[in-house]
Amino acid sequence: AECWFNGAITQQTARLRADTERAIRDAEAEAAEAGSLRPVDRMALANMYLVLDDILALGQSRGGEVRAARKRALRRAAAHAAAVSEALPQAPGGHRMLAVIRARLAELGDSLEMWKLAVSECKEAIRLDPGNSSLAEMLWTLTLRSGDWEEASRWEVVVTEVGQ
């Protein structure tokens, strides 16, 4: 918190971006040498791309280059998360990750269609892990952001009942 409030994080975004991009390149190069990516490798890369997106979003520059870089990072993350969902169809993790990524893309592009895709992925994750209260809370938030007030009201009830 102290770093954030004194501006240290936003002052370090250029270095953090370069370090994270280097780490991603190294991880992708190792994966290429191995010949294939396991689901755990893909989830790690998807998370690394989300870290890159966080760094880009925190940067002081809001220009078109940063916006394009965020979209590229999120699309790469989505490709890895989608591959995890395909490789492990009964695991909720890939779908949860896709919901997060698509919500970020929706916010970045102000896209109702992308919000709906985020909601759809979150619903699939919760179908696979129905007792996961954090997924229910995420779905509540996503339905609110997508403007589906009726669905959001239903998920509010679920979240409220779990909290009692």
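Scroll up for the structure.
Presented here is a report on the structure given in the accompanying data block. Nothing here was measured: the structure is a model prediction, and the numbers come from that model.

What counts and what doesn't
Residues numbered from 1 in each chain as written. Predicted model: local features only at pLDDT ≥ 70, side-chain atom pairs only at ≥ 80, totals over all residues. Heavy atoms only, no water. Helix = DSSP H or I, 4+ residues; strand = E, 2+ residues; numbered from the N terminus. Buried < 20%, exposed > 50% of the residue type's maximum accessible area, 1.4 Å probe, protein only. Contact = heavy atoms within 4.5 Å. Areas by Shrake-Rupley, 256 points an atom, 1.4 Å probe, with all protein chains shown as cover. Lys, Arg positive; Asp, Glu negative; His and termini not counted. Charge placed at Lys NZ, Arg CZ, Asp CG, Glu CD. Salt bridge = Lys/Arg side-chain N within 4 Å of Asp/Glu carboxyl O. Expected span 1.5 Å × (residues − 1).

**Brief notes about the overall build of the protein chain**
1) Next: Helix and strand counts for the protein chain come out as nine helices and zero strands.
2) Next: Secondary structure elements of the protein chain, listed N to C terminal, follow the sequence α-α-α-α-α-α-α-α-α.
3) Next: Taken along its principal axes, the extent of the C-alpha atoms in the protein chain is 45 × 45 × 30 Å.
4) Next: Taken across its 164 residues, the protein chain has 34% of its residues classed as buried.
5) Next: A fraction of 56% describes how many contacts in the protein chain between residues 6 or more apart in sequence connect residues 24 or more apart.
6) Next: Approximately 9500 Å² of the protein chain is accessible, and the part contributed by carbon and sulfur atoms is 53%.
7) Next: Looking at charge distribution, the protein chain has the averaged site of its 21 positive side-chain charges lying 5 Å from that of its 24 negative ones.

**Points about the pattern of salt bridges**
1) Next: In the structure shown here, the tally under the stated rule is 14 salt bridges.
2) Next: Put simply, arginine 17 and glutamate 21 hold a salt bridge, and the shortest N to O gap is 3.0 Å. Placement of the pair is arginine 17 and glutamate 21 together in helix α3 (residues 13-34), with a separation of four residues, close to one helical turn.
3) Next: Taken together, the shared-partner salt bridges in this structure form one network comprising Asp53, Asp54, Arg70 and Arg104.

**Here's the deal with helix α5 (residues 64-87)**
Since the α-helix turns once every 3.6 residues, residues separated by three or four places project in the same direction.
1) Next: Between its terminal C-alpha atoms α5 stretches 35 Å, which fits the 34 Å expected from 24 residues at 1.5 Å a residue.
2) Next: What α5 keeps buried is the set Val66, Ala69, Arg70, Ala73, Leu74, Ala77, Ala78, His80, Ala81, Val84 and Ser85.

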